[in-house]
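Structural description and commentary
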Amino acid sequence: MPFRRTWNFPNHRQILSLRPVAAFMTLVLIAVVSASLVSPVAAQDRGKRKSKEDDDPALKPRPVSLTTKDNIKLNSFYFPSKQGKEGAPVILIHEWKGQGAPYLKLCVALREAGFGVLVVEYRGHGNSKKYTDRSGEEKEFNIATMGRRDVEAIVRYDIEEAKQFLKDENNAGRLNLNALCLIGVEEGAILAGYWAVRDWKIPSVGRMKQGQDVKGLVYVSPEKNLNGLAMNTPITDKNLVRLPTMIVAGKGSPQGKESAKIGSRLESVKKRFNRGKASGYQLEMPATNLSGPALINEESTVIPAIVDFLKENVRISESENPWIERP
């Protein structure tokens, strides 16, 4: 019997038990090991000829440090696309009081499908908890006291900085920002929706494209409110209702009933805008009480459904979401 090597990767709960830096280093290790698990034929081929990815560090999963316009340092992790200008980027926005580490499986699956994925631990979360006040003293965010102003800053500065990073990757020819996708989990769905509304309000200046890049939305276990921001706002926005949108929630989860209501509302609005058709809409509600990262990691149908939805609905060609150099 031939020797068969097996790998027991830590699950999302085990990763969560680590300190944030250790959790992200675990992501690095797992991503590298995952990429090395190829078939014998592929392994032999790689032994003969190194791929571009082997030689180019820009195409390897890695931690990324971002600094916002209001001088907050954000811990992030990036899974680059291997498709160059044909690769659609994804910004994954985790839940409130969450972090990036639990989303490894989804990131790897999206990357293998050709997407580039950026996971940002926004201010007050994960390893992005420290800031410097006006006197130069280093302090730490207190999630318990973070309010609407902080949430609006996450939308205005943190997610926007994620886009700026992807803009640089776009101009380097390593992805296509014009086909940007957002995945928001629990309260992260609200953050994703509000930022998408903001992005679609930015007009182009002459031939210089600056906004309107979001072309696909996935809301996983969406919450109803977050410190004064309501999920109803992006669901009924006139620009976003035209975009492909997927809602995923466990039928028996705390977000199940509300997700069904949101989905019904979105479907009705889409039909009103699309002559009776709710094109580009999908409601996925597996029979489980799982939510958020647990739903993604432990319900086997969820990750393939998300990957398939984005692949089918966010396409790149000369006539549809073409690559454009950005100012």
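Above: the structure in question.
Each chain carries its own residue numbering, running from 1 in the written order of its sequence. Owing to the predicted nature of the model, reporting of local features is limited to residues with pLDDT of at least 70; listing and counting of side-chain atom pairs is limited to 80 or more, with chain, interface and lining totals taken over all residues. Each side-chain value is worked out from all heavy atoms of the structure, with water and hydrogens disregarded.

1. Concerning the pairing of strand β3 (residues 89–93)
Only protein chains enter the area calculation, which uses a 1.4 Å probe; residues under 20% of their type maximum are buried, those over 50% are exposed, and those in between are partly exposed. Only DSSP runs of H or I covering at least 4 residues are called helices, and only runs of E covering at least 2 are called strands; the numbering of each starts at the N terminus. Most of β3 sits out of view: five of its five residues are buried. Direction of pairing for β3 relative to strand β4 (residues 116–121): parallel, over a ladder of four bridges. Residue pairing for β4: Val90 is matched across the bridge by Val117. If the strands point away from the viewer and the path from the first strand over the helix to the second runs clockwise, then the crossover is right-handed. Chirality of the crossover, the property in question, places the unit of β3, helix α5 (residues 104–112) and β4 among those that are right-handed. Two strands are said to pair when DSSP picks up at least two bridges between them. Relative to strand β7 (residues 180–185), β3 runs parallel, the two sharing four bridges. Among the inter-strand pairings, Val90 is bridged to a residue of β7, identified as Cys181.

2. Considerations on the sheet that holds β4
Spatial strand order, β1-β2-β4-β3-β7-β8-β11-β12: eight strands in an open sheet with mixed pairing. Strands at the two margins of the open sheet, each flanked by one partner only, are β1 (62–67) and β12 (281–284). For this sheet the average axis-to-axis angle between neighbouring strands, irrespective of direction, equals 20°. Every axis corresponds to a line fitted to the C-alpha atoms, with the helix fit spanning only the stretch in contact, and the corresponding angles, defined between N-to-C directions, vary from 0 to 180 degrees.

3. Brief notes about the packing of α5 against helix α11 (residues 302–313)
One way to put it is that α5 packs onto α11 with a least axis distance of 10 Å and a crossing angle of 35°. Crossing of α5 over α11 shows right-handed handedness. Across the interface between the two elements, Lys105, Leu106, Ala109 and Leu110 from α5 touch Ile303, Ile306, Val307 and Leu310 from α11. Residues are sorted three ways: Asp, Glu, Lys and Arg are charged, Ala, Val, Leu, Ile, Met, Phe, Trp, Tyr, Cys and Pro are nonpolar, and all the rest, Gly among them, are polar. Each residue belonging to the contact of α5 with α11 can be placed in one class, and the counts come to seven nonpolar, no polar and one charged. Should the near helix be turned anticlockwise from the far one by less than a right angle, the crossing is left-handed, and should it be turned clockwise, the crossing is right-handed. Here, residues are in contact when the closest pair of their heavy atoms is within 4.5 Å.

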